[in-house]
Amino acid sequence: MKKDLDWSSLGFGYIATDYRYSSKFKDGAWDEGQLITDSMITLSECAGVFQYAQTIFEGLKAYSTKDGHIVCFRPDLNAARMADSAKRLEMPVFPEDRFIDAVCQVVKANQDWVPPYGSGATLYIRPYMMGTNPVIGVKPANEYEFRVFATPVGPYFKGGAKPIVIKVSDFDRAAPHGTGHIKAGLNYAMSLHAIVTAHEEGFAENMYLDPESRTKVEETGGANFIFITKDGTLVTPKSDSILPSITRRSIMYVAEHYLGMKVEHRPVYFDEVKDFAECGLCGTAAVISPVGRIVNHDTVIDIPAGMEEMGPVTKKLYDTLTGIQMGSIEAPEGWIKKIC
Ligand code: PLP
Ligand code: COI
């Protein structure tokens, strides 16, 4: 029986669901892992996660399809990205096939929490891993816990699909050099001050520029950028210091192979932004969220697509991507993992 929630009015928040997955790493090996019901974690005060922020995470979603199944979208890419994150933080890799299996187990065990097709909500899945044993010298932990929980969510930005207003951040996305492409807690901790500042000033998000020259567009706190030129080309920033968004990579494919669009993945200069016809943020949480205005101190860039609704090309990309995710449009081989 589905849980009695008002699915359509969910925001992007945490609701504890019934089951989560846990596997522990000790003496050089992962245990067999299991579903558990306890949402709390008790650790040493000196655990590596608390002292030196040795923690990484992933984010993906499960969807109810039109024909009554539950699926998730490209979990293999999340497994691979988490392996990259683990290596960069000197953590053991949780085997990629086991990552996918753990995600499937958690979704299946919590299927009553998966929002119904057409509700506008989805089940957000959060795999994460942390160093658990006491570490006082600066070095990696040697015991770890890999966990997966799931929580039903609605739109990431208040107002659903309405275009948002963002600012160019005066802060750098101050991830240590070379870690921007991994999903580690420390990167996000360093963006919190910028996010709070932007929200206090009434902006929904930050546009970060490259810290070295402050001339190139990087990403936002939780999504990559997509732009549409006046002649309908998809342009998306290429940078070694942004997260390689799975949504962005999927949109690039969809634009080219489903919609016959020209796609450019290249450095994007802030000076070019005023010339684009449409702008959006893309990510698992953001899906594709349109941006209507970008403010850089006294300079205001009004995106021609406006503040009322998604631009027409963004809408086509949105409809095609979500159609693939929710089973109304045929997916490329291997993109959809059927869970039940
Ligand atoms: N950039 C950042 C900083 C993010 O946190 C996310 C979310 O995961 C993304 C981009 C989008 O990545 P994905 O499409 O894989 O969810
Ligand atoms: C995701 O989209 O999965 C993210 O990690 C973004 C986060 C801001 C919720």
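Below or above, wherever it landed, is the structure these notes cover. (Residues numbered from 1 in each chain as written. Chains lettered and ligands numbered in written order. Predicted model: local features only at pLDDT ≥ 70, side-chain atom pairs only at ≥ 80, totals over all residues. Heavy atoms only, no water.)

Helices and strands together make up the secondary structure of the chain, namely 7 helices and 17 strands. Going through the 340 residues of the chain one by one, you find that 51% of them count as buried. Considering only intrachain contacts with a sequence separation of at least 6, the fraction spanning at least 24 residues in the chain is 71%. As displayed, the chain offers around 15500 Å² of accessible surface, 52% of which is attributable to carbon and sulfur atoms. Put simply, the chain has 35 plus and 43 minus side-chain charges, and the middle of one group is 2 Å from the middle of the other. (Helix = DSSP H or I, 4+ residues; strand = E, 2+ residues; numbered from the N terminus. Buried < 20%, exposed > 50% of the residue type's maximum accessible area, 1.4 Å probe, protein only. Contact = heavy atoms within 4.5 Å. Areas by Shrake-Rupley, 256 points an atom, 1.4 Å probe, with all protein chains shown as cover. Lys, Arg positive; Asp, Glu negative; His and termini not counted. Charge placed at Lys NZ, Arg CZ, Asp CG, Glu CD.)

Attention shifts here to the site of ligand 2. In the vicinity of ligand 2, the contacting residues are F12, F57, G59, Y124, R126, Y156, K183, G222, T284 and A285. Contact between ligand 2 and Y124: an oxygen atom at 2.6 Å from a side-chain N or O atom of the residue. The side chain of K183 places a nitrogen or oxygen atom 2.5 Å from an oxygen atom of ligand 2. Alone, ligand 2 offers 280 Å² of accessible surface; in the complex the protein occludes 90% of this. Class assignment for the residues of the shell around ligand 2 results in 5 nonpolar, 3 polar and 2 charged. Residues from two domains meet in the shell around ligand 2; each of domain 1 (7-153) and domain 2 (164-325) gives at least three. (Near = heavy atom within 4 Å. Polar contact = N/O pair within 3.5 Å; in protein donor to acceptor, adjacent residues only side chain to side chain. Nonpolar A, V, L, I, M, F, W, Y, C, P; charged D, E, K, R; others polar. Domains from an automatic or database assignment.)

This part takes up the site of ligand 1. Ligand 1 sits among 17 residues. The nearest are Y188, E219, S245, T247 and T284. One nitrogen or oxygen atom from the side chain of R81 is found 2.8 Å from an oxygen atom belonging to ligand 1. Contact between ligand 1 and T284: an oxygen atom at 2.5 Å from a side-chain N or O atom of the residue. Protein burial of ligand 1: of its 380 Å² of free accessible surface, 96% is covered by the chains. Every element with two or more residues in the shell around ligand 1 is listed here: α6 (246-257) and β14 (278-283). Along the lines of polarity and charge, the residues of the shell around ligand 1 split into 5 nonpolar, 8 polar and 4 charged.

By the criterion of burial, β14 is predominantly enclosed, with 6 of the 6 residues buried. Here β14 shows a buried face lined by E278, G280 and C282 and a second buried face lined by C279, L281 and G283. Here 5 bridges tie strand β11 (residues 224-228) to β14, and the two strands are oriented antiparallel to one another. The residue bridging I226 from the neighbouring strand is G280, located in β14. Where β14 meets strand β15 (residues 287-296), 4 bridges bridge the pair, whose relative direction is antiparallel. Note on β15: the bridge partner recorded for L281 is S289. The loop that links β14 with its antiparallel partner β15 comprises 3 residues. (Pairing = 2+ DSSP bridges.)

This brings us to the packing of α6 against helix α7 (residues 312-325). When two helices pack together, their arrangement is given by the angle between the helix axes and by the axis-to-axis distance. Two elements in contact, α6 and α7, have axes whose closest approach is 10 Å; the angle formed by their N-to-C orientations is 110°. Comparing the axis directions of α6 and α7 gives the class roughly perpendicular. Across from T247, S250, I251, V254 and A255 in α6, the residues of α7 making contact are L317, T320, L321 and I324. Its residues assigned to classes, the contact of α6 with α7 shows 6 nonpolar, 3 polar and no charged. (Axes fitted to C-alpha atoms, helices over the stretch in contact; angles between N-to-C directions. Parallel < 35°, antiparallel > 145°, perpendicular 65-115°, else oblique.)

What tends to happen in soluble globular proteins is that the nonpolar side chains get buried as a cluster. If you look at the biggest cluster of nonpolar residues, it comprises 35 residues, and the most contacted ones within it are I56, F99, V107, M129 and F146. At 7 residues, helix α3 (residues 96-109) tops the list of elements feeding residues into this core. Apart from the residues within four sequence positions on either side, I56 is in contact with M82, S85, A86, L89, M91, Y128, M129, K183 and A184. Residues F157, F225, V273 and V291 belong to the second largest nonpolar core, which totals 22 residues. (Core = buried A, V, L, I, M, F, W, Y, C linked by side-chain atoms within 4.5 Å.)

A word on the pattern of salt bridges. Enumeration over the complete set of coordinates arrives at 13 salt bridges. With a shortest N-O distance of 2.7 Å, E58 and R81 are connected by a salt bridge. Of this pair, E58 sits in the loop between β4 (55-57) and β5 (60-64) while R81 is found in helix α2 (residues 75-88), placing the two residues 23 residues apart along the sequence. For the pair shown, E58 and R81 are each scored as buried. Two residues, K167 and D170, come together in a salt bridge whose shortest N-O distance is 3.9 Å. Classification of K167 as buried rests on a relative accessible area of 9%. Through salt bridges with shared partners, a single network forms among K262, E264, R266 and E272. (Salt bridge = Lys/Arg side-chain N within 4 Å of Asp/Glu carboxyl O.)

The next subject is the packing of aromatic side chains. Tallied over the full model, the rule gives 17 aromatic pairs. An angle of 65° between the planes, with centres 5.2 Å apart, marks the rings of F12 and Y124 as edge-to-face. Of the two residues, F12 sits in the segment before β1 (20-26) while Y124 sits in strand β7 (residues 122-131), which places them 112 residues apart along the sequence. Classification of F12 as partly exposed rests on a relative accessible area of 30%. Between Y21 and F94, the ring centres sit 6.4 Å apart and the planes meet at 70°, which makes this aromatic pair edge-to-face. Residue Y21 is located in strand β1, and its partner F94 is located in the loop between α2 and α3; the two are separated by 73 residues in the primary sequence. By relative accessible area, which is 5% here, F94 ends up buried. (Phe/Tyr/Trp six-rings, centres within 6.5 Å; stacked < 30°, edge-to-face > 60°.)

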